[in-house]
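Residue-level listing of the chains:
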Amino acid sequence: MKLTVINGSPRGKNSNSKIILSWFIRGFIKNKENSFELFYLKNIDDRKTQQEIYWNADHLIIALPLYTDSMPAQVKAFFEHLEPFRGKKTNLKIGFLVQSGFPESCQSKYLEKYLEKLVRRMECIYLGTIIKGNVEGIQVKPLWMIKGFLKKIERIGQVFGERGVFDPVLINQLARPYQLNGLTLIFFKLIKRFGWMDMYWNKMLKKNHAFNRRNEKPYLSKG
C-alpha cells in the first residue's frame, strides 16, 4: 500500500502531531510492502503543489490539532483548494488524526463530523477519524508516561497497513474519556479554582508578549 501523509500542524516538525504520526507510520511500515510520503503543510504554500499531493494520493491520512474547536487556517485553506477535484477521485480513501490538549474527546466531535462530511462531498471514501485528547505537553513528558497511548497509535497504523481500515476498538479506546465525570471532573474543577490549570497557558502568553491582552475580545460587537 502507498500512503500519503499530511501533517497539518502550524508547528510542523516541532509539533505533537509529528510525534503521533511517527508512531502511526512505525506501525504502518511493519508490513514491508507498504510505503509512504510525508508532507508538512506548513512548508507548502503553493496551491498547485497542494493539489498535486492530493491528486497523486491513493490513501491519504491528514493529521491536525484541534484549534478553537475547529482546525488551523492552513488546513482549512488546503481543503478549500480541493474543490475543483470534487467527484474526480472517487476511489481515494481519506482518514484523519485529530489531537488536542483537551482531556476529553467530545471536544473534537464536531470537527469529526465536518471531516466526514467533507470526504462525502468530495465523493471519496471515508476511513474514519482517530481522536486523541490530553496531548499538549507530550514533548516534555518521559516516554513511560505516554507510551501506552503511543503503542495504540502504532497498532492502529499496523492494522491499517495490513487491512486498509482503522480498528474501531482501538479508536474507541484511544478516545477515552469521551466526557469528564466523577472524580476526574472534581479534580479538574479544583485545579481550575486554584489557577493551576492556567499556569502553562500564562507562560506561553508571556513568552509571546500577549499576557496583558489575554482578556481582549476583538470580535465582540459593540453595536
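Report on the accompanying structure.

### Examining the packing of aromatic side chains
And step 1. Scanning the model with the defined rule gives nine aromatic pairs in all.
And step 2. With centroids separated by 6.3 Å and ring planes inclined at 90°, the aromatic side chains of F24 and F166 adopt a geometry described as edge-to-face. You can see F24 sitting in helix α1 (residues 16–28) and its partner F166 sitting in the loop between α5 (143–163) and α6 (168–174), a full 142 residues away along the chain. The same class applies to F24 and to F166, which are both buried.
And step 3. These aromatic residues form a ring-pair network of at least three members: F24, F28, F160 and F166.
And step 4. Lying across the ring of W23, R26 places its NZ or CZ 4.3 Å from the centre.
And step 5. For R214, the ring lying beneath its charged end belongs to F211, and the centroid distance is 3.9 Å.

### Observations concerning the packing of α1 against α5
And step 1. Between α1 and α5, the least distance of the axes is 6 Å, while the angle of their chain directions is 45°. One way to sum up the angle between α1 and α5 is to call them oblique. Like other packed secondary-structure pairs, α1 and α5 cross with a definite hand, here right-handed. On α5, the residues that touch I19, I20, W23, F24, R26, G27 and F28 of α1 are L143, F149, L150, K151, I153, E154, I156, G157, Q158, F160 and G161.
And step 2. When the residues that make up the contact of α1 with α5 are grouped by side-chain class, the tally is 11 nonpolar, four polar and three charged.

### Some points on helix α4 (residues 109–121)
And step 1. Given a rise of 1.5 Å per residue, 13 residues ought to cover 18 Å, and the 18 Å separating the end C-alpha atoms of α4 matches this to within 8%.
And step 2. Contacts from the buried residues of α4 go to β3 (59–65), α3 (73–81), β4 (93–99) and β5 (125–132).
And step 3. The first or second residue beyond α4 is E123, which carries a positive phi of 60°.

### Some details on empty space enclosed by the protein
And step 1. Applying the stated rule across the entire model yields one cavity of 30 Å³ or more.
And step 2. Of the voids in this model, the largest cavity is the one considered here, and its volume is about 50 Å³.
And step 3. In this structure, the largest cavity is lined by I62, F79, L82, I94, F96, L118, V119 and M122.
And step 4. Within the residue set of the lining of the largest cavity, elements represented by two or more residues are β4 and α4.
And step 5. When grouped by side-chain class, the residues that make up the lining of the largest cavity number eight nonpolar, no polar and no charged.

### Observations regarding the sheet that holds strand β2 (residues 35–40)
And step 1. A sheet is described by the order of its strands in space; here five strands give the open sequence β2-β1-β3-β4-β5, paired in parallel fashion. Looking at the sheet topology across the chains shown, the edges are occupied by β2 and β5. For this sheet, the mean inter-axis angle between neighbouring strands, taken without regard to orientation, is 15°.
And step 2. As judged from the five bridges shared by strand β1 (residues 2–7) and β3, these two strands associate in the parallel manner. The residue bridging V5 from the neighbouring strand is I61, located in β3.

### Things to note about the side chain of S105
And step 1. In this fold, S105 is placed in the loop between β4 and α4.
And step 2. Exposure remark for S105: the relative accessible area of 3% places this residue in the buried category.

### Observations concerning the pairing of β5
And step 1. For β5, the buried fraction is high: seven of the eight residues fall into the buried class.
And step 2. Bridging between β4 and β5 involves seven bridges; their strand directions are parallel. Counted as the bridge partner of I94 is Y126 from β5.
And step 3. In this fold, β4 hands off to α4, which returns the chain to β5; that crossover is right-handed.

About the thresholds
Residues numbered from 1 in each chain as written. Predicted model: local features only at pLDDT ≥ 70, side-chain atom pairs only at ≥ 80, totals over all residues. Heavy atoms only, no water. Phe/Tyr/Trp six-rings, centres within 6.5 Å; stacked < 30°, edge-to-face > 60°. Helix = DSSP H or I, 4+ residues; strand = E, 2+ residues; numbered from the N terminus. Buried < 20%, exposed > 50% of the residue type's maximum accessible area, 1.4 Å probe, protein only. Lys NZ or Arg CZ within 6 Å of the ring centre and 35° of its normal. Axes fitted to C-alpha atoms, helices over the stretch in contact; angles between N-to-C directions. Parallel < 35°, antiparallel > 145°, perpendicular 65-115°, else oblique. Left-handed = near helix turned anticlockwise from the far one by under 90°. Contact = heavy atoms within 4.5 Å. Nonpolar A, V, L, I, M, F, W, Y, C, P; charged D, E, K, R; others polar. Expected span 1.5 Å × (residues − 1). 1 Å grid on protein atoms, 1.4 Å probe; cavity = no way out; pocket = protein on both sides within 12 Å on 5 of 7 lines; lining within 4 Å. Points joined across faces, edges and corners; volume = space filled by probe spheres on them. Pairing = 2+ DSSP bridges. Right-handed = clockwise from strand over helix to strand, strands pointing away.

Read these as spatial facts, not as claims about activity.
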